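Residues per chain are reported as follows:
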Amino acid sequence: MKQSLQNLAMNTVDQVMALVPRAVPDEAALRKCKIVSHRGEHDNRKTKENTLSAFDKARAAGVYGLECDIRWTRDHVPVICHDATLARVFELPMEVAELTFSQLRERVPEVPSLAEVVQRYGGDAHLMLEIKVFSAQHLQDQRASLQTILGDLQPAADFHMLALDPALFTVVDFLPPYCFLPVAQMNFAVLSEISLQRGYAGLAGHYLLLNERMRRRHHRAGQWIGTGFPRSRNAMLREIARDVEWIFSNDAVQLQHELDALRRARISIRRPMQ
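Residues numbered from 1 in each chain as written. Predicted model: local features only at pLDDT ≥ 70, side-chain atom pairs only at ≥ 80, totals over all residues. Heavy atoms only, no water.

### Observations regarding the pairing of strand S7 (residues 159-163)
Part 1 of the argument: Here S7 lies mainly inside the structure; five of its five residues are buried.
Part 2 of the argument: Of the two faces of S7, the one carrying Phe159, Met161 and Ala163 and the one carrying His160 and Leu162 are both buried.
Part 3 of the argument: Relative to S7, strand S6 (residues 126-131) runs parallel, the two sharing four bridges. Looking at the pairing, Leu129 lines up with Met161 of S7.
Part 4 of the argument: Traced from S6 through helix H7 (residues 139-149) to S7, the parallel crossover comes out right-handed.
Part 5 of the argument: Sheet analysis places S7 next to strand S8 (residues 180-182), joined by three bridges and oriented parallel. From the neighbouring strand, Ala163 faces S8, where its bridge partner is Pro182. (Buried < 20%, exposed > 50% of the residue type's maximum accessible area, 1.4 Å probe, protein only. Helix = DSSP H or I, 4+ residues; strand = E, 2+ residues; numbered from the N terminus. Pairing = 2+ DSSP bridges. Right-handed = clockwise from strand over helix to strand, strands pointing away.)

### Overview of the side chain of His218
Part 1 of the argument: Looking at where His218 falls in the secondary structure, it is placed in helix H9 (residues 212-220).
Part 2 of the argument: A polar side-chain atom of His218 sits 2.6 Å from a polar atom in the side chain of Gln223.
Part 3 of the argument: Setting aside chain neighbours within four positions, we find His218 in contact with Ser192, Ser195, Leu196, Gly202, Leu203, Gln223 and Ile225. (Polar contact = N/O pair within 3.5 Å; in protein donor to acceptor, adjacent residues only side chain to side chain. Contact = heavy atoms within 4.5 Å.)

### Observations regarding unusual backbone geometry
Part 1 of the argument: The omega torsion across Gly228 and Phe229 is -5 degrees, close enough to zero to call that bond cis.
Part 2 of the argument: Take Phe229: it is sitting in the loop between strand S10 (224-228) and helix H10 (233-241).
Part 3 of the argument: Even without being a glycine, His76 presents a positive backbone phi close to 70 degrees.
Part 4 of the argument: Its location among the elements puts His76 in the loop between strand S2 (65-72) and strand S3 (78-80).
Part 5 of the argument: Under the relative-accessibility criterion, His76 is labelled partly exposed at 21%.
Part 6 of the argument: Even without a glycine there, the phi angle at Asp243 is positive, about 65 degrees.
Part 7 of the argument: Position of Asp243 among the secondary structure elements: in the loop between H10 and strand S11 (246-249).

### Considerations on the packing of aromatic side chains
Part 1 of the argument: One pass over the full model with this rule turns up five aromatic pairs.
Part 2 of the argument: Aromatic pair Trp224 and Trp246: ring centres 5.4 Å apart, planes at 80 degrees, arrangement edge-to-face. Taken together, the residues span a long stretch of sequence, with Trp224 in strand S10 and Trp246 in strand S11 at a distance of 22 residues.
Part 3 of the argument: With relative accessibility at 36%, the residue Trp224 sits in the partly exposed group.
Part 4 of the argument: When the ring centre of Tyr64 is taken as origin, the NZ or CZ atom of Lys34, which lies over that ring, is 5.8 Å away. (Phe/Tyr/Trp six-rings, centres within 6.5 Å; stacked < 30°, edge-to-face > 60°. Lys NZ or Arg CZ within 6 Å of the ring centre and 35° of its normal.)

### Re helix H3 (residues 52-60)
Because an α-helix packs 3.6 residues into every turn, residues spaced three or four apart end up facing the same way.
Part 1 of the argument: Considered for burial, the residues of H3 that qualify are Ala54, Phe55 and Ala58. One side of H3 carries all its buried residues, which in axial view fall inside an arc of 95 degrees.
Part 2 of the argument: Gly62 sits one or two positions beyond H3 and adopts a positive phi of about 85 degrees. (Arc of directions from axis to C-beta.)

### Overview of the pattern of salt bridges
Part 1 of the argument: Scanning the entire structure with this criterion turns up 21 salt bridges.
Part 2 of the argument: One salt bridge connects Arg238 with Glu239, and the closest N-O pair in it is separated by 2.6 Å.
Part 3 of the argument: For Arg238, a relative accessible area of 19% corresponds to the buried category.
Part 4 of the argument: Owing to a relative accessible area of 0%, Glu239 belongs among the buried residues under this scheme.
Part 5 of the argument: Salt-bridge contacts for Asp260 lead to Arg263; the nearest nitrogen and oxygen are separated by 3.7 Å. (Salt bridge = Lys/Arg side-chain N within 4 Å of Asp/Glu carboxyl O.)

### Focus: a nonpolar patch on the surface
Part 1 of the argument: Nonpolar side chains collect at one region of the surface, where Met186, Leu208 and Leu209 lie side by side and expose about 320 Å² of accessible area between them.
Part 2 of the argument: Within the secondary structure, Leu208 sits in the loop between strand S9 (202-206) and H9.
Part 3 of the argument: We classify Leu208 as partly exposed; its relative accessible area is 42%. (Patch = residues over 30% accessible without salt bridge, like charges linked within 9 Å, V, L, I, M, F, W, Y side chains within 5 Å. Areas by Shrake-Rupley, 256 points an atom, 1.4 Å probe, with all protein chains shown as cover.)

Encoded structure:
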């Protein structure tokens, strides 16, 4: 019920923001804009979220980054799945943490491992890897697994680690803090302070709640901002004008097409008449 009300509120905000006219930023701002596909390009009918198919569709459209969620199987293999269970997306009432990787692969072959995602997209797309959970009991094994899988990538250049709770960054404490990006829900002030104090990459959160004062504060500290989840051209233009670093979206392919068209139009204006 709570999630349904939140979705309704967000949809209402999106509809209003889509109607507000926005000026088109200059060419440099358009070039700087980085779209990140939230769980890949999915509808959870033909294409499921957090699958290679969803990520392939985003990359084929030229989307800059891929956001995905890391959970653990019973035998401590990091896999890409947002929910603790497979019920919502795959209609299987099973917990990811109760299955070994081979059992998960047998039942739901669409769920990729983190290693498969890194092998397929690492160094090509920018990976935004959200840690959903870790086990204190198996922390060393989980940390070693992530260290091996991410070993050939450059922190911040090739990927960032995301988390709703900064305590989750414990499992990747072998990485530099400047590749950690906390994601705020309603706790923007708390996570903003933590990010500034610890030298994290910056802060991410819903575009309506991440206000200008906070954005400017992080930029002055040399940190970056990521906002979600604009759905329309006008909402995207608002975020580009605010100089955010990343725009996370469930409609990343649509926004990328809009952005590419705006870039082409700017280039066309700049070219001299023949």
